[in-house]
Amino acid sequence: MTINRRKFLSGTAGLAAGGLLAGTLGTRHALAQATASMFTPEDGATLRLLRWVPFVTGEEEAWNANTAAFTEATGVEVRIDQESWEDVRPKAAVAANVGSGPDMVMSWFDDPFQYPDKLVDVTDLANALGEEHGGWYEGLEGYARQGDRFIAIPLCAIGNAVCYRDSHMKAAGFSEFPQDTAGFLELCKAMKANGTPAGFPHGKAVGDGNNYAHWLLWSHGGMTVDENGAVAINSPETKAAIDYAKALYETFIPGTESWLDINNNRAFLAGEVSLTANGVSLYYAATKDEALKEIAEDIRTTNLPIGPVGKSVELHQTSTLSIFNHCKYPQAAKAYLAFMYQADRMNAWLEGASAYCCQALKGFENNPVWTSNPVHAPYAKASASLRPNGYAGPLGPASAGVMADYVLVDMFAEAVTGQRTPEEAIANAERRIARYYR
């Protein structure tokens, strides 16, 4: 196979012409060329990527357009398999352990730590991209790096924020959205009394369920493990978080204990709830449907309230890109990822995602998508502000296992539904966490 190097580098050449790298244009353009030329696809290479089903059409369209451009430039065909958010994790684990299937995976949180020895070392690519684009955000880098070695390439943080109906909030007697957890509870009570209740997932939702559960725990000062990895879930702070969750749950629409990531979107757009937490995809789903125009114009977004801990503490869903060891064409896979992170390609993807995906590299933080709409504001700093899963301990196989097992999500669900007392729910979570942190 003959690689058309001119086409392969056309993205960076076009970027230079567009002036997107003001100030350090010459240096960064040279770096971009160097990164793009680091990896030469093997003869006859083909690739297969497993990714999560997108919630924003523009994100998928931009990713696919960039992929098509890579194929045109190199001749390497890339097949993209989509799976539901909940199914990516188990399918990736099976592929890693049996040594066949997709060559690459777009995965969640610290999933790469479940099978680090099954992944291609991408330190060379990660370091080159970091140097080229202003460095990685620390939180996202932690999800991809094991010691001095990158086992994945950070992709994005999918910001999570409160989405609410402004008119319904005001009808409940609130002129502004409460900034603390106490005021937030009072708002939810008032909105329920008005027949416009809230709803947050207590089901095994990869994104929304985990975001909500971790915010509940962290906002009250709780943690799964301490800095040394000792189990620390059994604490007065965790009990306070559960008590607060029980009070909030009383204001919710029935059935949230079975909600997955799609359910709160559907309930909000159907007018069943007027307040939830979600990515910006909820807003854009409303804007694209003429029948939902009234809801779209009424949607406002804000960060989750601050609890007794006294500061904003949010998980935000993160995604990384990994290459499996069984990939027959690892140089082609690295070339594909290098191409997707070229500045014009990445900027196009971020804009196509309409603030749904927050960049992993600091050099893209000035993308105009973040200031193009006030609704985007709470999502703009997701990558910079996120607190990694497993706080306060280190990321690794144990933290990955606890999240994959939905331990925190289950703890809150058991307590709010009355399946267990708060003390029993905490003790059960403690036992489950201890199985991973040995």
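Before any of the text, the structure's been laid out above.
Residues numbered from 1 in each chain as written. Predicted model: local features only at pLDDT ≥ 70, side-chain atom pairs only at ≥ 80, totals over all residues. Heavy atoms only, no water.

1. Regarding the packing of helix H11 (residues 236-249) against helix H20 (residues 422-436)
Right, so step 1: Interaxial distance between H11 and H20 falls to 10 Å at its minimum, and their mutual angle equals 125°. Classed by the angle they form, the pair H11 and H20 counts as oblique. Like other packed secondary-structure pairs, H11 and H20 cross with a definite hand, here right-handed. Between H11, through Thr-238, Lys-239, Ile-242, Asp-243 and Lys-246, and H20, the contact on the second element is made entirely by Pro-422, Glu-423 and Ile-426. (Axes fitted to C-alpha atoms, helices over the stretch in contact; angles between N-to-C directions. Helix = DSSP H or I, 4+ residues; strand = E, 2+ residues; numbered from the N terminus. Parallel < 35°, antiparallel > 145°, perpendicular 65-115°, else oblique. Left-handed = near helix turned anticlockwise from the far one by under 90°. Contact = heavy atoms within 4.5 Å.)

2. Observations regarding the nonpolar core
Across soluble globular proteins, nonpolar side chains show a tendency to be buried alongside one another.
Right, so step 1: Ranked by internal contacts, the top residues of the largest apolar core, which has 143 residues, are Leu-248, Leu-275, Tyr-336 and Tyr-341.
Right, so step 2: With 8 residues, helix H15 (residues 330-340) is the single largest residue contributor to this core.
Right, so step 3: Among residues more than four places away in sequence, those in contact with Tyr-336 are Leu-47, Leu-49, Trp-63, Thr-67, Phe-70, Val-78, Ile-80 and Met-104. (Core = buried A, V, L, I, M, F, W, Y, C linked by side-chain atoms within 4.5 Å. Buried < 20%, exposed > 50% of the residue type's maximum accessible area, 1.4 Å probe, protein only.)

3. Some details on helix H6 (residues 123-132)
Right, so step 1: Counting buried positions along H6 gives 7 out of 10 residues, so the element sits mostly inside the fold.
Right, so step 2: Thr-123, Leu-125, Ala-126, Ala-128, Leu-129, Gly-130 and Glu-132 are the residues of H6 that are buried.
Right, so step 3: At the exit of H6 stands Gly-134, carrying a positive phi of roughly 80°.

4. Regarding the sheet that holds strand S8 (residues 275-278)
Right, so step 1: Taken in spatial order, the 3 strands make up an open sheet running S8-S7-S9, and their pairing is antiparallel. Edge positions in the sheet fall to S8 and strand S9 (299-302), since each of these pairs with one other strand and no more. Sheet twist, expressed as the average angle between the axes of neighbouring strands with direction ignored, equals 30°.
Right, so step 2: The sheet contact formed by strand S7 (residues 161-165) and S9 spans 4 bridges and is antiparallel. Its bridge partner being in S9, Tyr-164 is matched across the sheet by Arg-300. (Pairing = 2+ DSSP bridges.)

5. Here we look at the sheet that holds strand S1 (residues 46-52)
Right, so step 1: Here 6 strands make up an open sheet; going across it, the order is S2-S1-S3-S10-S6-S11 and the pairing mixed. The strands lining the two open edges of the sheet, one partner per strand, are strand S2 (77-83) and strand S11 (358-359).
Right, so step 2: Looking at chain direction, strand S3 (residues 104-108) and strand S10 (residues 317-323) are connected through 5 bridges and run antiparallel. From the neighbouring strand, Trp-108 faces S10, where its bridge partner is Ser-319.
Right, so step 3: Strand contacts of helix H5 (residues 85-98): S1, S2, S3, strand S6 (153-158) and S10, with the helix running at about 125° to S3, the strand carrying the most contacts.

6. Considering the pattern of salt bridges
Opposite charge on two side chains permits pairing when their charged atoms draw close.
Right, so step 1: Applying the stated rule across the entire model yields 15 salt bridges.
Right, so step 2: Its salt-bridge partner being Arg-300, residue Asp-166 comes within 4.0 Å of it at the nearest N-O pair. Here Asp-166, found in helix H8 (residues 166-171), pairs with Arg-300, found in strand S9; they are 134 residues apart in sequence, far enough to count as distant.
Right, so step 3: With a relative accessible area of 11%, Asp-166 lands in the buried category.
Right, so step 4: The salt bridge involving Asp-410 is made with Lys-204; its shortest N-O contact spans 3.0 Å. Taken as a pair, Asp-410 in helix H19 (residues 407-416) and Lys-204 in the loop between helix H9 (181-193) and helix H10 (208-219) lie far apart in primary sequence, 206 residues in all.
Right, so step 5: Given a relative accessible area of 13%, Asp-410 falls into the buried group.
Right, so step 6: Among the charged side chains, a network of salt bridges with common partners joins Lys-204, Asp-405, Asp-410 and Arg-432. (Salt bridge = Lys/Arg side-chain N within 4 Å of Asp/Glu carboxyl O.)

7. Observations concerning the side chain of Asn-428
Right, so step 1: Checked against the element boundaries, Asn-428 lands in helix H20.
Right, so step 2: When neighbours within four sequence positions are excluded, Asn-428 is seen to be in contact with Glu-414 and Arg-420.

8. Focus on the pairing of S7
Right, so step 1: Burial analysis of S7 places 5 of its 5 residues in the buried class, the great majority of the element.
Right, so step 2: In this structure, S7 lies alongside S8, joined through 4 bridges in antiparallel fashion. Within the sheet, the bridge partner assigned to Ala-161 lies in S8 and is Asn-278.

9. A closer look at H19
Right, so step 1: In terms of burial, H19 is a largely internal element, 10 of the 10 residues being buried.
Right, so step 2: Along H19, the residues classified as buried are Val-407, Leu-408, Val-409, Asp-410, Met-411, Phe-412, Ala-413, Glu-414, Ala-415 and Val-416.
Right, so step 3: Count one or two residues on from H19 and you reach Gly-418, which has phi positive near 85°.

10. Focus on the environment of Tyr-329
Right, so step 1: Among the secondary structure elements, Tyr-329 is positioned in the loop between S10 and H15.
Right, so step 2: Not counting chain neighbours up to four residues away, the residues in contact with Tyr-329 comprise Glu-42, Asp-43, Gly-44, Ala-45, Thr-46 and Leu-47.

11. Section: the environment of Ser-258
Right, so step 1: Within the secondary structure, Ser-258 sits in the loop between H11 and helix H12 (263-269).
Right, so step 2: Residues Ser-258 and Ala-384, 126 residues apart in the sequence, show an inter-C-alpha distance of 31 Å.
Right, so step 3: Setting aside its immediate chain neighbours within four residues, Ser-258 contacts Gly-203 and Asn-263.

12. Quick look at unusual backbone geometry
Right, so step 1: In this structure, Ala-392 follows Tyr-391 across a cis peptide bond, with omega equal to 10°.
Right, so step 2: Secondary-structure assignment places Ala-392 in the loop between helix H17 (382-385) and helix H18 (397-404).
Right, so step 3: The backbone of His-316 shows a phi angle near 60°, a positive value even though the residue is not glycine.
Right, so step 4: Its place among the elements puts His-316 in the loop between S9 and S10.

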